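Structural description and commentary
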Amino acid sequence: MSNEKEVESRRRFLKVAAGTAAMAAVMGGMPRYARAADLPPLTDADPTAKALGYVEDASKTTNPKHVAGADCSNCQFYSGGPTGRGPCQLFPGKSVNAKGWCVSHAAKKA
Ligand code: SF4
């Protein structure tokens with residue numbers, strides 16, 4: 001009799017624990033996306049951005065240091081997706097354009 005109750009209560013505990021773990025997994029993944037999306041965009045008017053020759057569109061830069069094909073999406077300091085915007089280690093708290101570029105560009109290591 002009490003054994004049955006014990007089994008039932010263990011079952012209930014496992015259900016709750018599994019639900020909590022699933023919820024934690026979902027919640028754990030969310031802030032990362034929320035943060036990346038919430039970062040204010042870096043603009044080429046920003047003093048640091050200006051100093052580093054940042055441009056929103058790499059294809060429009062006239063900087064002689066720019067190598068064809070180089071943009072934020074293939075820079076090792078960039079941690080966003082291949083399109084849209086994402087964080088750059090050099091501009092903490094701001095998002096850069098995946099198609100942007102600056103003189104500190106360093107090709108991602110394969
Ligand atoms: S360091 Fe790289 S990711 Fe950051 S702005 Fe410059 S080119 Fe883009």
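The rules we used
Position numbers for residues start from 1 in each chain and track the written sequence from start to end. At least 70 in pLDDT is required for a residue's local features to be given in this predicted model, at least 80 for side-chain atom pairs to be given and counted, and no such filter applies to totals for whole chains, interfaces and linings, which use all residues. Elements are defined by DSSP. Helices are runs of H or I of four residues or more, strands are runs of E of two residues or more, and each kind is numbered from the N terminus. Burial in this document is a count-based property: other C-beta atoms within 10 Å of a residue's C-beta are tallied, and the residue is buried at 20 or more, exposed at 12 or fewer, or partly exposed in between, with C-beta positions derived from the backbone. Note on contacts: each residue gets a C-beta atom placed from the backbone, and two residues are in contact if those atoms are within 7 Å. Each residue receives a C-beta atom built from its backbone; the residue is near a molecule or strand if that atom lies within 6 Å of it. Three categories are distinguished: nonpolar for Ala, Val, Leu, Ile, Met, Phe, Trp, Tyr, Cys and Pro, charged for Asp, Glu, Lys and Arg, and polar for the others, with Gly belonging to the last. Joining buried Ala, Val, Leu, Ile, Met, Phe, Trp, Tyr and Cys residues through C-beta atoms within 7 Å gives a set, and that set is a nonpolar core. pLDDT measures the predictor's confidence residue by residue and takes values from 0 up to 100.

**Brief notes about the overall build of the chain**
Of regular secondary structure, the chain possesses two helices and two strands. When the helices and strands of the chain are placed in sequence order, the string is α-α-β-β. The burial tally for the chain puts 19% of its 110 residues in the buried class. In the chain, once contacts between residues fewer than 6 apart in sequence are set aside, the share between residues at least 24 apart is 60%.

**Details of the site of the ligand**
Lining the immediate surroundings of the ligand are 13 residues, of which Cys72, Cys75, Tyr78, Cys88 and Cys102 lie closest. Residues belonging to the shell around the ligand are distributed by class as follows: ten nonpolar, three polar and no charged.

**Observations concerning the nonpolar core**
By size, the foremost hydrophobic cluster in this structure holds twelve residues: Leu42, Ala49, Tyr54, Val55, Ala58, Cys72, Cys75, Tyr78, Cys88, Val96, Trp101 and Cys102. The contacts of Ala49, once residues within four sequence positions are left out, are Leu42, Thr43, Asp44 and Tyr54.

**So, the confidence of the model for the chain**
Taken as a whole, the chain shows an average pLDDT of 82; of its residues, 66% reach a score of 70 or greater. Note on residues 23-27: pLDDT under 50 across the span, and zero contacts to partners over four residues away in sequence or across chains.

**Quick look at the environment of Glu56**
Checked against the element boundaries, Glu56 lands in the loop between α2 (47-51) and β1 (85-87). Taking the C-beta count within 10 Å as the criterion, Glu56 has 18 such neighbours and is therefore assigned partly exposed. The contact partners of Glu56, leaving out residues within four places of it in the chain, are Asp44, Asn97 and Gly100.

**Here's the deal with the environment of Lys65**
Residue placement: Lys65 occurs in the loop between α2 and β1. Expressed as a C-alpha distance, the spacing of Lys65 and Gly53, which sit twelve residues apart in the sequence, is 9.8 Å.

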